[in-house]
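# Commentary on secondary and tertiary structure
This is what each chain is made of:
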Amino acid sequence: MDSSSAQEGLRKRPKSSDSGSQDRLTLDTRVVNKIGERNVRIYNLPQRSIRFVKDLVTTLVEEQWRYVLFVFVASYVGSWVFFAGLWYILSYAHGDLIQDSATGERLGDGVMPCVQGATNFIGFVLFSMETQISTGYGEKVPTEECPESFGLLTIQLIVGLLIDGAILGVVYAKLVRPPQKISEMKFSRRAVICQRDGQLCFVFRICDRKWQHAIETKVTAVLLASRRTAEGEEIEKNESYLKLENDGRLVLLWPVTACHVIDRDSPLYDVSAADLLERKLEIVITITGGTMTTGQINQARTSYVPSEICWGHRFRDIVEYDARKQSYVAVNERMHEIEQVDTPLCSARQLDMLKKRLQRDVKHDRPARQESSIIFRDSANSDSEPKTADSNV
């Protein structure tokens, strides 16, 4: 007995390893991971670096804070040094930097220099910083000696305002931007397939604790699976939308379940419990809505692969009314809890065929029962009529 059981164990081990490798392969080849990030990379794009520079605002919003701060500091320092060089060239052309070596007096043309108090490049850098970030000047002041200085001063002020506005816009966009792991707290870890009102349904749970999708909430579900056309073309990731109840319009007052009825129009109509384990598919869930504080449109996304879909389970009710608090209470820790229920393992098509067959059998049995009841009534009446006749005699 021990040797036979050991042999059976050795025979079963490769199967478990194969199933584990299949689950690992399915999880690695998914298009969207659980936190909503795309597992898609596009190579050999023409002028890829130039595209990032052209869309600089989006690039800065999506980049990490350390790179954004580096770009801001570099833009400020670069503008200060650049305009300091222009002021230096203007003063040098006017002869303000030519001084008497003995007395130290200015030997250039004009009564006053273009920039009073700046005699070297470091002084012009300090003057450029005062021009761009301060409201007034100290010892270093532009004079009316050079008409060109007014144009250069105007250009530097406009550039400084543009840099300040860009920094404020990017920082605000990064602060109000939802966190990257927003999808991890929105959706249940697993989806279920159970019966509702006699029909198989694909169900998942959504929770919006911070009301980041409270305005015009819209939920969509897309099935990604391979499909072969009539011409023999193999489409690797064919998109098929799953119709949700209420057209995906939900009121996220508490954790709610979104339901897709698997009917004859559903792409899951021919999928049974056994087929679900063997098929390579992915269901991408997307929720879109705006926040009540800023009105900004946010989007969260996740996906479910066959290993994350539990057939014959349903979500437990986690919303209850608390009389002491006089409000509804939703236990967030129980958001992912499911329980097993009796569910047919066949596909929705097979289930509908069984229902039609049973209805047909019931219809055939009903006339036979009616005929038998009529015959029984006739026989009962025939037996009772002679008795009444004898009694009258």
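Presented here is an overview of the structure given in this document. (Residues numbered from 1 in each chain as written. Predicted model: local features only at pLDDT ≥ 70, side-chain atom pairs only at ≥ 80, totals over all residues. Heavy atoms only, no water.)

Let's shift gears to the packing of helix H4 (residues 65-94) against helix H5 (residues 121-133). Axis separation between H4 and H5 bottoms out at 8 Å; the angle between their running directions is 120°. The pairing of H4 with H5 is recorded here as oblique in orientation. For the element pair H4 and H5, the recorded crossing hand is right-handed. Contact residues: H4 offers Tyr76, Ser79, Trp80, Val81, Phe83, Ala84, Gly85, Trp87, Tyr88 and Ser91, while H5 offers Phe121, Phe124, Val125, Phe127, Ser128, Met129, Gln132 and Ile133. When its residues are assigned to classes, the contact of H4 with H5 shows 13 nonpolar, five polar and no charged. (Axes fitted to C-alpha atoms, helices over the stretch in contact; angles between N-to-C directions. Helix = DSSP H or I, 4+ residues; strand = E, 2+ residues; numbered from the N terminus. Parallel < 35°, antiparallel > 145°, perpendicular 65-115°, else oblique. Left-handed = near helix turned anticlockwise from the far one by under 90°. Contact = heavy atoms within 4.5 Å. Nonpolar A, V, L, I, M, F, W, Y, C, P; charged D, E, K, R; others polar.)

In total, this model carries ten salt bridges according to the counting rule given. Between Arg324 and Asp322 there is a salt bridge whose closest N-O contact spans 4.0 Å. Residue classification places Arg324 among the exposed residues on the basis of a relative accessible area of 78%. In this structure Asp322 comes out as buried when scored by relative accessible area, which is 17%. With a closest N to O distance of 3.3 Å, Arg334 and Glu337 form a salt bridge. Take Arg334: its relative accessible area is 28%, and that puts it in the partly exposed class. When salt bridges with common partners are traced through the structure, they connect Arg314, Arg316, Arg334, Glu337 and Glu339 into a single cluster. (Salt bridge = Lys/Arg side-chain N within 4 Å of Asp/Glu carboxyl O. Buried < 20%, exposed > 50% of the residue type's maximum accessible area, 1.4 Å probe, protein only.)

So, on to the packing of aromatic side chains. Going through the model one piece at a time under the given rule, you end up with ten aromatic pairs. Between Tyr88 and Phe121, the ring centres sit 6.1 Å apart and the planes meet at 70°, which makes this aromatic pair edge-to-face. Note that Tyr88 is positioned in helix H4 and Phe121 in helix H5, a separation of 33 residues in sequence. Residue class for Tyr88 comes out partly exposed when judged on its relative accessible area of 31%. For Phe121, a relative accessible area of 35% translates into the label partly exposed. Each residue in the set Tyr88, Phe121 and Phe124 is aromatic and connected to the rest through ring pairs, giving one cluster. (Phe/Tyr/Trp six-rings, centres within 6.5 Å; stacked < 30°, edge-to-face > 60°.)

With that settled, consider the nonpolar core. Residues Phe202, Phe204 and Ile283 are the most contacted members of the largest nonpolar core, which totals 34 residues. With residues near it in sequence (within four places) discarded, Phe204 still touches Ser188, Ala191, Val219, Leu244, Val256, Thr257, Ala258, Ile285, Tyr304 and Phe315. The next biggest cluster of nonpolar side chains, apart from the first, holds 14 residues, and it includes Ala84, Leu97, Cys114 and Cys146. (Core = buried A, V, L, I, M, F, W, Y, C linked by side-chain atoms within 4.5 Å.)

Limitation: the analysis is restricted to geometry and does not speak to function.
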